[in-house]
Amino acid sequence: EVRAAIEALGVLLEGQPLLQLRCAENEAELLDALKLYRDMNHLSLSGVTCDQVVEHVMSHTVILFYRPDVTQEYIPVNAANFTMRQKSMMLRLLATHPRMTRKGFGRITVHFLKELCRALHKDDIIVYTYPSSSPFYKALHFRHTHVPDGGAKPPVAEPGTDAAGRAAPREA
């Protein structure tokens, strides 16, 4: 159902011959997405790898391809990995090629994901992100939904903390 909706919504970019967004379905496309994720990877700090996220049985990956002009080949510039829940989408990874940042590719992908959620009757997109990415999501009308008591930042686990101690800040 998700893949069919992604293909059906691909018509949203028909007026843009330099762009193509498609579901990563083969090994080469998944490797393209993994390269983008690894360039931006902060997950290893929490013991999770990009490969583990992409290989999750319920995950889907879409890649935005761009070509400078119609005579050239498409190159992957942005990738998003997400899972669908009953009423929401969990956006797990969003990455743009380092030389292609601040050109609107992330914005296009997120707008596409919003339309995908509408088409699949999902009420929310949940994004866990770093504070440095907050302005990007705020500009796309996402709202910060979890502020700990008093508005203070959640505590950060000290180096060498056991698994239970690392889980507490994530729960916050």
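Trainee: Looking at this structure, how should I read the packing of aromatic side chains?
Mentor: Aromatic rings considered in pairs are described by the distance between their centres and by the relative angle of their planes. For the structure on display, the rule yields three aromatic pairs. An angle of 55° between the planes, with centres 5.3 Å apart, marks the rings of Y66 and F105 as tilted. Here Y66 is found in strand β2 (residues 59-66), whereas its partner F105 is found in helix α4 (residues 105-119), with 39 residues between them in sequence. Residue classification places Y66 among the partly exposed residues on the basis of a relative accessible area of 21%.

Trainee: Just checking my understanding: could you explain helix α2 (residues 27-39) for this structure?
Mentor: Working note: α-helix, 3.6 residues per turn, so residues spaced by three or four point in the same direction. Between its first and last C-alpha, α2 extends 18 Å over 13 residues, near the 18 Å set by a 1.5 Å rise per residue. Of all the positions in α2, only E29, A33, L34, L36 and Y37 are classed as buried. In an axial view of α2, the angular spread of the buried residues amounts to 160°, which keeps them on one side of the axis. Residues of α2 that are exposed and angled more than 90 degrees away from the buried face: E27 and K35. Looking at the packing, one finds that the buried side of α2 touches β1 (19-23), α3 (50-55), β2, β3 (75-84) and β4 (88-96). Residue N26 occupies the N-cap position of α2, its side-chain oxygen lying 3.1 Å from the main-chain nitrogen of A28.

Trainee: I keep staring at the sheet that holds strand β5 (residues 124-127) and nothing clicks. Help me out?
Mentor: Strand order in this open sheet of five strands is β1-β2-β3-β4-β5, and the pairing throughout is mixed. Pairing within the sheet leaves two strands with one partner each, and these edge strands are β1 and β5. This sheet shows a mean twist of 25° between the axes of neighbouring strands, independent of strand direction. Of the strand pairs in this sheet, β4 and β5 are connected by four bridges, and their pairing is parallel.

Trainee: I'm lost on the nonpolar core in this one. Help?
Mentor: Nonpolar side chains in soluble globular proteins tend to be buried together. Core analysis: the biggest nonpolar cluster contains 28 residues, and I6, F82, M89, L113 and L116 have the highest contact counts within it. Breaking this core down by element, the ones donating at least two residues are α1 (2-9), β1, β2, β3, β4 and α4. No other element matches α4, which puts six residues into this core. If near-sequence neighbours (up to four positions away) are discounted, L113 is found in contact with V62, A80, F82, M89, L91 and I125.

Trainee: It is not clear to me how unusual backbone geometry should be interpreted in this structure. Could you clarify?
Mentor: Across the chain, the bulk of peptide bonds are trans and the bulk of non-glycine residues have phi less than zero. Phi is positive for R102, which is not a glycine, with a value near 60°. Counting through the fold element by element, R102 comes out in the loop between β4 and α4. Although it is not a glycine, H121 adopts a positive phi angle of roughly 60°. Mapped onto the fold, H121 is located in the loop between α4 and β5.

Cut-offs applied
- Residues numbered from 1 in each chain as written.
- Predicted model: local features only at pLDDT ≥ 70, side-chain atom pairs only at ≥ 80, totals over all residues.
- Heavy atoms only, no water.
- Phe/Tyr/Trp six-rings, centres within 6.5 Å; stacked < 30°, edge-to-face > 60°.
- Helix = DSSP H or I, 4+ residues; strand = E, 2+ residues; numbered from the N terminus.
- Buried < 20%, exposed > 50% of the residue type's maximum accessible area, 1.4 Å probe, protein only.
- Expected span 1.5 Å × (residues − 1).
- Arc of directions from axis to C-beta.
- Contact = heavy atoms within 4.5 Å.
- Polar contact = N/O pair within 3.5 Å; in protein donor to acceptor, adjacent residues only side chain to side chain.
- Pairing = 2+ DSSP bridges.
- Axes fitted to C-alpha atoms, helices over the stretch in contact; angles between N-to-C directions.
- Core = buried A, V, L, I, M, F, W, Y, C linked by side-chain atoms within 4.5 Å.

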